[in-house]
Every structure is written in structure tokens, then in C-alpha cells.
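Here are the chains, one letter per residue:
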Amino acid sequence: VLREKLAEWYTAMGNPTKAKNIIINTGTSPLFKDLFRFLLEEGDEVLLPHPYYSVYHVSALLTPAKIRFYSVNPKTLTIDMNDFKSKFNPNKTKFVVVASPGNPYGNIISKKEYQEIVKIVNNNAYILSDEIYRNVGFHGRVPSILDIANKKDNIIVSNAFSKGFRMYTARVGFFILPDHLIEPFRVLLQHTLLTANPSAQFAAAEALNHLEE
């Protein structure tokens, strides 16, 4: 039920999404931890925003990959694209994290910035776009990386109910994954998580019935 509701929600926001591409977990933190370890190997590099939400860094530390950081300008609240480009190594960088609105700055990534990021990465790495604050924007619709890269095989989106829906202790988060990652990642979770609390999932599904309230 919840995956269907989430697919309808993202589709209504202009980002066509299928329920089969959604993975639900107990918040997004375990998803980050598992995905980082799933995708990163010895010799790989992961590129994170600076400053960053601590879970990104800790999840990266649990892998053998080298951690690199690109800068978010505190004055303009934009990504330093020259810094991003210089830190991205097409031969080594396998995983990139972006967040919009970002934590701690609250910077909102524009469609133009997303386009630049996707162009620089050029399918040489996975891009994880953390959108957990997307539904708490105060100045209209917050853009998504799915606005410009909806059918890319290297795009992963994360979101949850803890912020915009104030469901902090319910611990319901989700990923939107490309087709080829669905089965292997689901198998991984089936042997580590089993399932997120069904009661919390039904509560989250009901919350999606009251988006305008």
C-alpha cells in the first residue's frame, strides 16, 4: 500500500515513479549504510557535500572507499561546481551524494545545478539525491534531480516521513532505485531488515492522504 501511495505522490509532483522501484526501510539511515557498503569497494572514491549530514560520512567510513568532499558556498548557498568537477574522478568516483534542501545550510539545488552535476558525472558513478527536506520548502516547489534525470540508470533518490510529516519516531524512509538495483538490494534487505513496522507504514500511507492539510 505505502509503495503505491509513494509512487502516486512523486508522480503527482511531476516525477513519474513506479511502486516497484521503491524500497522502504526503518528511516533512511539504514538505507544509506547498506547502500554505501553495497556499492563501494576497495579503490573506489565517494564524493560527499561539505558541510554534510553526519550519516553520509559515517556510512562512507564503513566502506573501504576513499572519502572526498565538494564545497557548498555558505554565502551563495550554491554548489561550487569547479570544486565538484575537480574532486570528481571519472575513473575512481563511484558514488556521489547531493542533498536538497541541504543539511545544515538549507541550500536548494536548482535544475541548472542538477544538470551540471549529471553532465560531470556522465554515468560514471551513482548519484544519491537526498530529498528528505523537499516537502518542507517554504517558497514553492523544491526541484528534484528526477526533474532532469527521471530515466537515468545511475540516479537514486532518498526521502522519509520524519521531517515534512513530523513522524520522527515512526522511522519510515524509502529509496527510489533504478531497475537494475531493485532485486539485489531487496534481497540484501530481506536478509538484514525483513520489514519495516507495518503499523508505521499504514500511518505513513494515511499521511499521504492529507498532503494539503
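The structure presented is a predicted model; accordingly, all values stated were derived computationally and were not measured.

Asker: Explain the pairing of strand E6 (residues 155-160) to me, please; I cannot follow it from the model alone.
Answerer: Both faces of the sheet carry side chains from a regular strand, because those side chains alternate between them. Counted residue by residue, E6 has six buried out of six residues, so it is predominantly covered. Going residue by residue along E6, you find Ile-155, Val-157 and Asn-159 tucked away on one face and Ile-156, Ser-158 and Ala-160 tucked away on the opposite face as well. Bridging between strand E5 (residues 126-130) and E6 involves four bridges; their strand directions are parallel. Each bridged residue has a counterpart across the sheet, and for Ser-129 the counterpart in E6 is Val-157.

Asker: Whenever I open this one, a nonpolar patch on the surface confuses me. Can you help?
Answerer: Taken together, the side chains of Val-58, Leu-61 and Leu-62 make up a nonpolar region of the molecular surface, amounting to roughly 280 Å² of accessible area. If you trace the backbone, Leu-62 turns up in the loop between helix H3 (54-61) and strand E3 (66-71).

Asker: Is there a simple way to explain the pairing of E5 in this structure?
Answerer: With respect to burial, E5 is a largely interior element, five of its five residues being buried. Neither face of E5 is open: one carries Tyr-126, Leu-128 and Asp-130, the other Ile-127 and Ser-129, and all of them are buried. Pairing of strand E4 (residues 93-99) with E5, which is carried by five bridges, proceeds in the parallel orientation. Residue Phe-95 lies in a different strand from E5, and its bridge partner there is Tyr-126.

Asker: In this structure, what is going on with the sheet that holds E6? I would like to understand it.
Answerer: Strand pairing in a sheet is mediated by backbone hydrogen bonds. Such pairs are either parallel or antiparallel. Taken together, the seven strands give an open sheet; going across it, the order is E1-E7-E6-E5-E4-E2-E3, and neighbouring strands pair in mixed fashion. Each end of this open sheet is capped by a strand with a single partner; those strands are strand E1 (22-25) and E3. The average angle at which neighbouring strand axes cross in this sheet is 20 degrees, direction not considered. Where E1 and strand E7 (residues 173-176) come together, four bridges link them in antiparallel fashion. Among the inter-strand pairings, Asn-25 is bridged to a residue of E7, identified as Gly-173. Here helix H1 (residues 2-12) sits on the sheet in contact with E1, E6 and E7, set at roughly 120 degrees to E1.

Asker: Any chance you could explain the side chain of Glu-131 here in plain terms?
Answerer: Of note, Glu-131 is situated in the loop between E5 and helix H6 (146-149). In this structure the side chain of Glu-131 is engaged in a polar contact, spanning 2.5 Å, whose partner is the side chain of Ser-144. With residues near it in sequence (within four places) discarded, Glu-131 still touches Tyr-10, Ser-100, Ser-144, Ile-145, Val-157, Ser-158 and Asn-159.

About the criteria used
- Residues numbered from 1 in each chain as written.
- Predicted model: local features only at pLDDT ≥ 70, side-chain atom pairs only at ≥ 80, totals over all residues.
- Heavy atoms only, no water.
- Buried < 20%, exposed > 50% of the residue type's maximum accessible area, 1.4 Å probe, protein only.
- Helix = DSSP H or I, 4+ residues; strand = E, 2+ residues; numbered from the N terminus.
- Pairing = 2+ DSSP bridges.
- Patch = residues over 30% accessible without salt bridge, like charges linked within 9 Å, V, L, I, M, F, W, Y side chains within 5 Å.
- Areas by Shrake-Rupley, 256 points an atom, 1.4 Å probe, with all protein chains shown as cover.
- Salt bridge = Lys/Arg side-chain N within 4 Å of Asp/Glu carboxyl O.
- Axes fitted to C-alpha atoms, helices over the stretch in contact; angles between N-to-C directions.
- Contact = heavy atoms within 4.5 Å.
- Polar contact = N/O pair within 3.5 Å; in protein donor to acceptor, adjacent residues only side chain to side chain.

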